[in-house]
Structures are given as structure tokens and as C-alpha cells.
Amino acid sequence: MVAVVRFPGTLDHDSAARAARAAGSEATYAWYADSELPAGTRAVVLPGGFSYGDHLRPGAIASRAPIMAAVRRHAEAGGLVLGICNGFQVLCEAGLLPGALRPNASLSFVCRQAELEVADTETPFTRKAPATLSIPIKNHDGAWFGDPATARIVLRYKGENPLGAVDAVAGVANAAGNVMGLMPHPEEACDPLLGSTDGLALFRALAAA
Amino acid sequence: MTRVVVTVMPKDGVLDPQGQAVERALRQLGFDEVDGVRIGKRIELDVPAGDAEGTARRMCEQLLANPLIEDFTIKVDG
Amino acid sequence: MTRVVVTVMPKDGVLDPQGQAVERALRQLGFDEVDGVRIGKRIELDVPAGDAEGTARRMCEQLLANPLIEDFTIKVDG
Amino acid sequence: MSAESTLPLHRQLGLTNDEFAHIPTLIGRAPSDPELVMFSLMWSEHCSYKHSRPLLKRFPVTGKGVLQGPGENAGAVDVGDGWAICLKIESHNHPSAVEPFEGAATGVGGIVRDILAMGSRPIALLNSLRFGELTSRRSRHLFSRAVAGIGHYGNCIGVPTVGGEVMFDARYEDSCLVNAMCVGVVRADRMLRAAAKGVGNPLVLIGNRTGRDGIGGASVLASAELSDDDADKRPSVQVGDPFTERKLIDCCLDLADADLLVSLQDLGAAGLTSAASEMAAKGGLGLDIELDRVPLREADMAPAEILVSESQERMLAVVASADLDEVIARCRRWDLDATAIGVVTDGGRFVARCRGEIVVDLPASALTDDAPTYAVPIAPALAPTPLDLADVPEPADLAAAWRGLLGRPSIASKRWVWQQYDHLVGAGTIRRPGGDAAVVRIPETPRALALTTDSAEMHCELDPRGGGRATVFEAARNLACVGARPLAASDCLNFPNPEKGSTGWRLQQVIEGMSEALEALKVPVVSGNVSLYNESPERMIYPTPVVGMVGLLERAEASVGQAFRTAGDLVLIAGGGAPRLDASAYLGRADGAPAMPDVAAEVALIDFLIGAAEAGLLESAHDVSAGGIAVTLAESALAADIGVSVALTQGRRADEDLFGEGGGRVVVTCRPDAEAALMSRAGGVPLARVGTVGGARVEVQLGATHVHLELGDARVAYESAIPEALGR
Ligand SMILES: Nc1ncnc2c1ncn2[C@@H]1O[C@H](COP(=O)(O)OP(=O)(O)O)[C@@H](O)[C@H]1O
Ligand SMILES: [Mg+2]
């Protein structure tokens, strides 16, 4: 069972749940104000959106919500946690992933298809993923800032670096590899009608958990 | 050059969604009694010595502040 | 209640794209010599009298600033 | 403050002496000051449509599938399997001219709440924008900030902004246009209405606290020409709060799902006054409101201020007494304030109390139904005279002219705009911005909606009736190009002052032409909005009727794109009409006499396109509009990064053949083995093969004349125009 966490202002919870089901797992929602994840949770998704309106710093307020203590315990017990866009920002603010997400170099929101290359095929998320992925990005603060020497880089932008991230980083994982965050939106790439199904690989990994 | 600090705050009476959201968040973190949270910008810059104050004022009027919804104050260092 | 002013600025070495963009814009407006523009937040709030400073510090550590990329300073009015 | 303050209060508030004199005959006494303020806002153009209502009656508003026509917060049509869609377009022109970021942002917020008030889930946003030329510093500012504001709000509430249009012309230098459209989905049998029901039921105010935002906004900002004293109008600027709007959407849909709402209404222009009086009047009931219970952002607000405040992100609901506690509890769960501020009463009176005193006691209908209406002067303008080509210099270098046209901000790629909009959120966007129409999936069905906004403003200036037709047919053609059957329309009529010159006549003629086209297409107008007085002492805007049209695709996967597909595919032109430079983008000014659109031919072309798409015969389709067939071909080639080569029949002059507009024409491509089947469907529709897809150039043969652009050059001109004009 994949638990998709909802904070006030979360937007992509339904798309993420649909993608998880398309990848073969059951999906349910976890509520930000609760202190426990739903019974039977095997993997957690922190979906995209503008939790708390992105006020102060994207992800900052959500990272202090009650449910995050349960997410932390789940992660420490080795459970899979995937943070997408705002979810990635939340995981960095919570200290579960290295670095921070800074405003895009263009200082504007960027919505477009992005070409990615898998830089680390050893994480549970990427072991079965294709070497390159075409997945949309859509964010205002998606430029990862951190130390690529110490961080575990999982995804990089191919060719140009659309948001101005350090080392063209698009996604990172914790040292153990069970917690991953990425700015691109795999839930928007799980249906041929939408132009790409490359996002399914990540949700299949969750289904396998 | 002279260091100047410009502060730009939402005008009184103008909605400050950010201040409002942060106030709610602080309360939920247990700071129950926090009140009157307003969030604005602090802009530090170096301008040529001489009429630093006047220069900064013109910068505010032309770019740094939106007179419709923001007030600004200028502090010249040293 | 005591009025407290928290300022949160980008750490030295952490790039400040907004500051850089504003610097460029100011130069285009004819303020050729402006330099070292940095932009941060100014947060005004009322906290219970007593250890206002300490309360504000805990607010910064728990929420208002991200130590990885930001420094904060606290000024208690009065 | 000079002359203003010497005027009597009702004149300062914008009421005429006659209107003021009429009030006692409705309420049997002189109005209190708060009542007078309420009348001044409710009887303003923006709220009462006093100059346009009589003319709007001409629109076709009924038809198969119409579940809600004009008169509610939004219109609604049936899309099958028990699902309905709600749509509405609305202007926020004047607030955007004063403060483009917040003006455009709150415009999006307002239209989303109209859709939400129907109990429907917003699934798509569009916007139609007009600004002065980007050579003007002010227009660059208004344009870039308005786009940022639309993106900020739409992105943060998670409703994809999937389409729209932008056009630049000096006529909009002083009066920019910012129109926003929203579309939502709802189970047809669960749709909500505004009419108050159930005497004794509590009235619940949900969302943001009430401050001094936009006080007088409705009358001051939207019902008078903007002039030099704009500064005085500025204190009432509203700041959008999209985070609270998102919580309102989640909360109201949750309450609707749980069947906890009797009726629902957004607070827009004239705030509580307008929302409450409309709920009461529509329900034939009254409301008794305690102003002391309204949560305030500023303690010291006067009753009149509370009654007309335009603070954003607020909704008003009637709920059953027994459900009140549950409603409040659910709002709290969504981290929203909710307060019972009054009750539904019988007798049809709008009563407001403050500290035990009755400060307002009016028949609710006096504010709404009894608003005055005025017949605008109908003074026809001179008939336009056809363009004399001799007056149009022929370009020495056609390729350069072509490249130049692709690089005109009004024609060039709008990527800079829509890349700042989240046009994907919700995982339902099948055709993204940049094509003739966007296509979004209807959740939980195999169907999809096609969406577009269009206007033929220059045509409307020269020949308003023909321009009205052209506006509607362009929208319908755009929907048909993606394979969708036009279903319903919402319109926003942006005009100058209708009391002056021929503007009133143009308004009437545009509505006539639009109605003729809509009737022929069997497309009803189910909602809309009017924005008048878009002029300054120096400039009047073109008559700009923006139509937002929605079309239906029975099979989402059957949609067609504008990009060429495969080298070797055949290129055909469907539809007829000779290209003309009259009122063309190439000419760049409203001059000449554009042809009156042929209703039968336009409808036949649209039917042909839909049938061909359903039969799976089309590889691509793209209509000929601004910039003529040369621009159409280049756009389809650039979208696919494949060239094309065609031979066109020669008309009067090469530049007219390439860049001329008018007539309903569409460039379609098909597999060679599909040509016969396509031809056999043409019926009365002119359909001619003109070339093939392939290569790295866009080339056109006109008799002896050969013109071509390298794809690379075309792309640079097309993609860099707007960023460069903005110095990005
Ligand atoms: N040009 C128009 N065509 C059709 N209906 C219109 C037009 N202008 C206004 N209406 C209808 O008149 C009613 C009042 O419009 P408006 O005041 O904009 O509604 P709201 O206050 O809910 O935004 C709405 O039902 C709207 O659909
Ligand atoms: Mg409404």
C-alpha cells in the first residue's frame, strides 16, 4: 500500500495515487495533521503542489507538520519515501535529504518537458528504470543547491540545465537510497495519452516495496 | 560606496497572505500567543557615497517597492 | 506583547538570484554604480513579553530560517 | 478631493440624480448611507449590466444539453454519463491596468470561485490578453506582470492554465484587457445554485477575513474610464491569496460531496452585498445578517465597509440548521475560518444589523432585479471600403516579410507566456498550449474537452456584424481542428464607452453577428461578462468580444494536433474564400473591408473536420488565421521540426496569397492512402491537395515565384520575438 501525504495546498495527490495504482499498487491518503501513517503503508509519496502556499520557503512549513514524524520513522525503518517537486522540497527542509531547493535561475515558474539521465542505478527507485527519462518539470523553486560530492545524485538533466541546479541535479537520495526526491513530475508521465510513460518506473518501485 | 538597507513591508490594511500563513504555522508549532506577523523584504545594497539616501529613495520609487501595496523605509549605514 | 523583528538573509556564498536580478534591473534603470545587492526577509511579530529574544530564536531555529542557506538576526523593540 | 467632495454623496458614489430619485419609490423612504452605498455598487455597470442587458437578450441561450444558461455564477452543459461541465469567462481589465500582477491574479481567483459556486471542480483555466505594443515600456510592464500574476495564482491553486491568446496593438496601450476563463466538472445531479432556500437556515461565511480590500472597487474601478486620477483609485487594490483559494476549493467540494450545502455563492464585486442580495432575490426569500459576526481583518470597519468589502477568497453558503456544526468542523479541518453570520428569512428583505441596530432593511430585489437599464444610442458607423492594394507597398523580399511576420509579437510563439503556467497539473492535459485548442481529459470518462478563446477585434472595428461572426467561427474552427464538436460558449464583451459615438451600435452588431454564427452552429451562450468604458481620453480599444468555447471529443485519443507528422504525408487545404489583406495581421491596422463570413460554408467546413478526425483520417490540422497560410504552414512545420513544400494558386498578389486572411481555410495533412477517403467526405467543402510534408524548409511555389524559409531561421524569428522584445 502506497500512502500519499496531503498537506494544505498539496495539488498532485490524486495524480500520484492514480499513478501508483497504474503501477500496480493500492494507494491511500495520509493527512498532514495525523501522527501515524495509514495501517499497512509500505511506501510513502510526498506529492507536488504548493503546500502552505510556498510561504516562507517551499516545503518549510509542511516539513514541520505532525505527519512528518511518522514519515521520518518510516524512513529510518528503511521504508521507501518518494518526494516529488514540493515533496522533494519538504524532504530537504525536513533534513531527510541533503541540500535545498532555490529559486530557478530564470526567477520564474518553468513548465516544460525535461530529458533526464539516471545517474545512480543502485537505488530501489532506479534499479529497474530506463537509462534516460522524459518527464515534465513544473516549479518555481527547483534549483537544487548542495554538495554533489557528498550527496547521492540519482537524476541529472540531460543537455541544458533548465533550472540552474548545482551540477544539473534533478533528483537525489539519502545515503541508504530508500528516500528519494526529484523535481520532475513522474505522475504526469504515466499515460501514453500524455506523451510519456517513463514516470511509471518510479511508481513500480514503490509497488514492489 | 555607502551601504544602504531598504526595508519593504506590506502597507497597513493590505492583506499579507504570507504573514497570515506563517502566523498560523507558528501557532501550530506551539507558539500559541504569537500575533501580528507581517513579512516583507530586506534589501541591502551599496550606492555611491554622496546622496545615498536620495539614490535609494529613487530606486524604491522606480523598482524596489510597489507603492500601491507596499511601504518602504531607508537606512543609510555608518 | 513585545514587537520583535527577525531578519533572514541568504548566507554568504549562497547565490542570491533575486538580488542579482534586482542589481541588473537597477543598472538598466541607470543606477550604473549600484553593487552588492542582497535580498532577504524582514519578519515582524509580537511575542509575549518576558524572554522575547529566546522565543524568537526558537521560532527561527524551528521554522523561520534554513541554516543551510540562511542566517538570521533578531532585534527586540523597546 | 476638489470638485468631488462638493458633490452630494450619491453623485460621489456614481449614481445619477434620476437613479437616486428612483430609490425611494422602491423602498418607500430615503436610503440610509449604507443602503445608498449598496445601491451605488449594485446599480453600477459592472454589477447591473445596465447598458448591455437589453442587447444580451439576443444571444441564443438554450439548446440540447444546456443545464444552466446565463443568470447563475456560471453556465453548465451535459457531457454524458451524468457529468456536466461549467464554464464562464470574466474580465479583470481595470484592476489589471492599475496593478497588473494582483489585478490579473485576483481575476483568476474570481472566475474560479464562480465555477466553484456551482459545486463543480475547476479543471482548466484560459486567458485572453490585449496590451499595447511591446515597444512601450508601460505595456512591457503590464504584460509581463499580468502573465506573472496569472501564473502565480493558477499554479498555486493547481488548476492547469491550458490556453488563451495574447495580442499587442497600440489601441490597448491605455486600456489593457485581461479576461480569464474557467471550466469545471460536476455530476449533473449534484450541481449547486445560488438561490437561498429554507427559512431559518443559517448563512455561513467561509474563507478569508474581511478587510478594506477593494472597497468601492466595483463602481470605481470597473464602471468609469480610467484617466489621470488613477492614483485616487489605488488604495483599493486587492491582494490575491491563492493558498486560501485552494483550501476553499478543497473545502467547498468536500462539503458538496457530503451533501452539506443548500446553496453556494462566491463573494465578488460588491462583496457581501452582491452575494447576499443575489442569493435572496433568486430564492424569493430574505436574509438577516449580523455584521458583528463577520470576522474582520481590521477592527474599526463601518457597516457600509463590511457590506461592500471585496476581500478575496470568501464564499457564502446556506446550510441546514442541523448541519451547521458539521459544516464549521469540516471548514476547520481544512484550516479555514467559517462563521454563521445570519439566517434565511421569508418576506424577501435584506436586513443587516450592527450592535443591535438595523442598519440596512431593503427588498433584496430592489438591489438586483430593479436595477435600471438604459438603451445605448444606436448610431451606425460608415460602411468600410475595401483595401486598395495599390496603397499597400509590395515587399521586395517575400521571405524577409515572412520571417518578419513570424517575429511579430502578436503572431510569434507565446512559449514565454505559457511556460510560466502550469498547464499540466491534474495529469489530464492531452494537447498542451501552442495549438489551435487545448485538449483536457474529462476525469472518469473516455471523453475529452477542447478549449479555446478567440476574438476578431480588427474585423469587429470595421464591420462589427461580420467580426462577431468571425469571432465565433474562428473559435469553432479551432475546436474542430483538434477534432472536437463545439458544445457551448461563454463570452466577454470588451468595449469602449457605449454612450459615445458608434460604440453602442457596434456592441449591438457584434452580438447580432455572434448570435447568427452561434445559431448556425447550434452552440448556446451559457454565461459571460461585459466590460465597458475601456478607453482613455486619447484611445479607444477595438471592440473586442472574446468568445471562450468548449468542444467535446467522444474519444480522448482521437484528438488531432497542428504539428505535421511524417515526411511523405499529403498537404491539403480545406475550405474556401480568397485570402485578403483587409484587416490582416500583415497589414497591421484596422483598414479595408474584410469579407462577411459565409455561415453555411463555415459550418460545412467544421462538420467536415470533425468527421475526418473521428474517422482517423487526419495526421494534422491547423487553421489559417493571423499571418495567413504562410504562417500556418510554418507553425505546423516548427511544431514537428519537419519541413513542407506546397504550390498555391496565384491570386492578385504574392504577399496577399501568402499572408492574406479571411474565409474559413484549414491546412490538413493525411497519409497518402487516406487521401481518397478524405476526398470522398468533402461533399460541398472545397478540398485541394497542395503539397507534401518533408525536408528542412518551408517552401511555397506561387506560379513562377518561389519562396522558402529554412526551419532554423523560422524558429529563431518565431521563438525569440517575445523574449527579445522584453529584453529577456
Ligand atoms: N456577455 C454575456 N453573455 C451572456 N451572459 C452574460 C454576459 N454578461 C453577463 N452575463 C451573465 O450575467 C450574469 C451576471 O454576470 P456577472 O456579474 O459577471 O456574474 P458574477 O457576479 O457571478 O461574476 C452571469 O450569469 C453572466 O453569465
Ligand atoms: Mg459569481
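In short, a report on the structure.

Some words on the overall build of chain B
Assigned secondary structure in chain B consists of 2 helices and 3 strands. Going residue by residue from the N terminus, the α and β elements of chain B occur as β-α-β-α-β. Rg of the C-alpha trace for chain B: 16 Å, well past the compact-globule value of 12 Å for 78 residues, more than 25% over. Pairs at least 24 apart in sequence give 70% of the contacts found in chain B among residues at least 6 apart. Of the accessible surface of chain B, which amounts to about 3,500 Å², a share of 47% is contributed by carbon and sulfur atoms. A gap of 3 Å separates the mean positions of the 10 positive and 14 negative side-chain charges of chain B.

Thoughts on the nonpolar core
Residues A:Phe7, A:Ile67, C:Leu45, C:Leu64, D:Phe131 and D:Phe143 are the most contacted members of the largest nonpolar core, which totals 159 residues. Among the elements that make up this core, the one with the highest residue count is helix α12 (residues 242-257) of chain D (8 residues). If near-sequence neighbours (up to four positions away) are discounted, D:Phe143 is found in contact with D:Phe131, D:Leu134, D:Val166, D:Phe168, D:Trp416, D:Val417, D:Ile722 and D:Leu726. Counting residues in each nonpolar core, the second largest holds 63 residues, with A:Leu194, D:Ile430, D:Leu493 and D:Ala517 among its members.

Digging into the coordination of the magnesium ion (ligand 2)
All names here are of chain D. At this site the magnesium ion (ligand 2) is bound by Asn 73 (OD1), Asp 114 (OD) and Asp 266 (OD), with donor distances of 1.9 to 2.4 Å. We note that the donor set of the magnesium ion (ligand 2) lies within a single chain, spaced as N-x40-D-x151-D. Taken together, the positions of Asn 73 in the loop between β1 (66-68) and β2 (75-80) and Asp 266 in strand β8 (residues 263-266) put the pair 193 residues apart, joining distant regions of the chain. Exposure class is identical for Asn 73 and Asp 266. Each is buried.

So, the side chain of D:Asp436
Residues and elements named next belong to chain D. By the element assignment, Asp 436 lies in the loop between β14 (429-431) and β15 (438-441). For the buried residue Asp 436, which engages in no salt bridge, the nearest side chain bearing the opposite charge is Arg 477, 8.3 Å off. Polar contacts involving the side chain of Asp 436 include one to the side chain of His 622, which spans 2.9 Å. One polar contact links the side chain of Asp 436 to the main-chain amide nitrogen of Asp 623, over a distance of 3.4 Å. Ignoring sequence-local partners within four residues, the contact set of Asp 436 consists of Thr 452, Asn 478, Cys 481, Gln 562, Ala 621, His 622 and Asp 623.

So, the state of the cysteines
Residue and element names in this part refer to chain D. Summed over the entire model, instances satisfying the criterion amount to 0 disulfides over all chains. Unpaired in this structure, Cys 492 has its nearest cysteine sulfur neighbour in Cys 176, at a distance of 13 Å. Taking the relative accessible area as the measure of exposure, Cys 492 reaches 0% and is therefore buried.

Side note on the site of ligand 1
Residue and element names in this part refer to chain D. Around ligand 1 there are 17 residues in total, and Tyr 49, Gly 71, Glu 72, Glu 90 and Asp 491 lie nearest to it. In the environment of ligand 1, an oxygen atom lies 2.9 Å from a nitrogen or oxygen atom belonging to the side chain of Lys 88. One of the side-chain nitrogen or oxygen atoms of Asp 491 is found 2.6 Å away from a nitrogen atom of ligand 1. For ligand 1, whose unbound accessible area comes to 550 Å², protein coverage reaches 85%. Taken together, the elements giving at least two residues each to the shell around ligand 1 come down to β3 (83-91), β17 (485-494) and β18 (525-531). For the shell around ligand 1, the element with the highest residue contribution is β18, accounting for 5 residues.

Some points on the packing of helix α8 (residues 100-116) of chain D against α12(D)
Residue and element names in this part refer to chain D. Two numbers describe how α8 lies on α12: the axes approach to 11 Å, and their chain directions differ by 5 degrees. The orientation of α8 relative to α12 falls into the category roughly parallel. Within the contact between the two elements, α8 uses Gly 109, Val 112, Arg 113 and Leu 116 and α12 uses Glu 245, Leu 248, Ile 249, Cys 252 and Leu 253. Its residues assigned to classes, the contact of α8 with α12 shows 6 nonpolar, 1 polar and 2 charged.

Regarding the relation of the copies chain C and chain B
For these two chains of identical sequence, chain C goes onto chain B by a turn of 180 degrees and a shift of 0.0 Å along the axis, with RMSD 0.2 Å. The symmetry that links the two subunits is that of a two-fold axis. Closest approach to the rotation axis within chain C is made by the C-alpha atom of C:Lys41, at a distance of 2.3 Å. Looking at the interface residues of chain C, 97% of them are also at the interface in chain B, so both copies use one shared face.

A few points about the interface of chain A and chain D
Many analyses report the size of an interface as the accessible area lost when the parts associate. Counting residues at the interface gives 26 residues for chain A, matched by 27 residues for chain D. Across the chain A/chain D interface, buried area totals approximately 2,300 Å², and carbon plus sulfur atoms make up 59% of it. For chain A, the biggest contributors to the area lost against chain D are A:Trp31, A:Cys111 and A:Leu193; these three give 26% of the whole. Where chain A packs against chain D, one counts 3 salt bridges. Note that A:Asp191 and D:Arg441 form a salt bridge whose closest N and O atoms lie 2.4 Å from each other. Joining chain A to chain D, the criterion identifies 6 residue pairs in polar contact (both at pLDDT 80 or more). Taken together, the residues of the side of chain A that touches chain D sort by class into 12 nonpolar, 6 polar and 8 charged.

Considerations on unusual backbone geometry
All names here are of chain D. With phi around 55 degrees, Asp 81 is a residue other than glycine that occupies positive phi space. On the basis of relative accessibility, which here comes to 48%, the residue Asp 81 falls in the partly exposed class. Positive phi outside glycine occurs at Asp 641, with the angle close to 60 degrees.

Points about the packing of aromatic side chains
All names here are of chain A. Counting across every chain of the model gives 11 aromatic pairs over all chains. A centroid spacing of 6.5 Å and a plane angle of 15 degrees characterise the contact between Phe 50 and Phe 109, whose relative ring orientation is stacked. Taken together, the positions of Phe 50 in the loop between β3 (43-46) and α2 (67-76) and Phe 109 in the loop between β5 (100-102) and β6 (110-118) put the pair 59 residues apart, joining distant regions of the chain. Using a relative accessible area of 6% as the deciding quantity, one classes Phe 109 as buried.

Things to note about the interface of chain C and chain B
Of the residues lining the interface, 31 residues belong to chain C; the matching set on chain B comes to 30 residues. Carbon and sulfur atoms make up 69% of the area that chain C and chain B hide from each other, which totals about 2,500 Å². Contact with chain B buries area across many residues of chain C, yet C:Phe31, C:Arg42 and C:Met59 alone supply 21% of it, more than any other trio. Viewed at the interface, chain B and chain C are joined by 1 salt bridge. Across the chain C-chain B interface, the total number found is 8 residue pairs in polar contact (both at pLDDT 80 or more). At the level of elements, β1 (2-10), α1 (17-28), β2 (35-47) and α2 (52-64) of chain C are the ones that each hand at least two residues to the side of chain C that touches chain B. It is β2(C) that provides the largest number of residues to the side of chain C that touches chain B, a total of 12 residues. Here the residues of the side of chain C that touches chain B are counted per class, giving 16 nonpolar, 6 polar and 9 charged.

Basis of the calculations
For every chain, the first residue of the written sequence is number 1, and numbering continues from 1 along that sequence. A letter from A marks each chain and a number from 1 marks each ligand, given out in the order of writing. With the structure being a predicted model, the display of local features is reserved for residues of pLDDT at least 70 and the display and counting of side-chain atom pairs for 80 or more, all residues being used for whole-chain, interface and lining totals. Note: side-chain values were computed over all heavy atoms of the structure, leaving out hydrogens and water. Segments assigned H or I by DSSP are reported as helices when at least four residues long, segments assigned E as strands when at least two residues long, and all are numbered from the N terminus. Atoms counted for the radius of gyration: C-alpha only. Globule rule: 2.2 Å times residue count to the power 0.38. Between two residues, a contact is recorded if the distance between any of their heavy atoms is within 4.5 Å. For accessible areas, the Shrake-Rupley method is used with a probe of radius 1.4 Å. Any residue's cover is judged against the shown protein chains and nothing else. Neither His nor the chain ends is counted toward charge; the positive residues are Lys and Arg and the negative residues Asp and Glu. Lys charges are placed at NZ, Arg charges at CZ, Asp charges at CG and Glu charges at CD. Buried residues of nine kinds, namely Ala, Val, Leu, Ile, Met, Phe, Trp, Tyr and Cys, make up a nonpolar core once their side-chain atoms join them within 4.5 Å. Here the term buried applies to any residue with accessible area under 20% of the maximum for its type, exposed to any over 50%, and partly exposed to those in between, with areas from a 1.4 Å probe on protein chains only. Distances up to 2.8 Å from the metal define which N, O and S atoms are donors, and 3.2 Å serves for Na, K and Ca; water is absent from the atom set, so sites may look incomplete. What makes a salt bridge here is a side-chain nitrogen of Lys or Arg within 4 Å of a carboxyl oxygen of Asp or Glu, nothing more. Within 3.5 Å is the distance limit for a polar contact, defined as a pair of N or O atoms, with the added protein rule that one can donate a hydrogen and the other accept it, and that residues adjacent in sequence qualify only through two side-chain atoms. Counting rule for disulfides: a pair of cysteine sulfur atoms within 2.5 Å. We call a residue near a molecule or strand as soon as one heavy atom of that residue lies within 4 Å of the molecule or strand. Every angle, taken between N-to-C directions, lies between 0 and 180 degrees, and every axis is a line fitted to C-alpha atoms, over only the stretch in contact when it is a helix. When an angle is under 35 degrees it counts as roughly parallel; over 145 it counts as roughly antiparallel; between 65 and 115 it counts as roughly perpendicular; any other value is oblique. Side-chain classes follow a simple rule in which Ala, Val, Leu, Ile, Met, Phe, Trp, Tyr, Cys and Pro form the nonpolar group, Asp, Glu, Lys and Arg form the charged group, and the remainder, Gly included, forms the polar group. Copies overlap after least-squares fitting; the atoms used are the C-alpha atoms of residues with pLDDT of at least 70 in both. Defined here as a combined quantity, buried area equals the accessible surface (1.4 Å probe) lost by two parts on assembly, summed across both. Put simply, two rings from Phe, Tyr or Trp (the six-membered ring, in Trp's case) pair if the centres are within 6.5 Å, and we call them stacked under 30 degrees between planes, edge-to-face over 60, tilted for the rest.

So, to be careful, I would describe these as geometric facts and stop short of saying anything about function.
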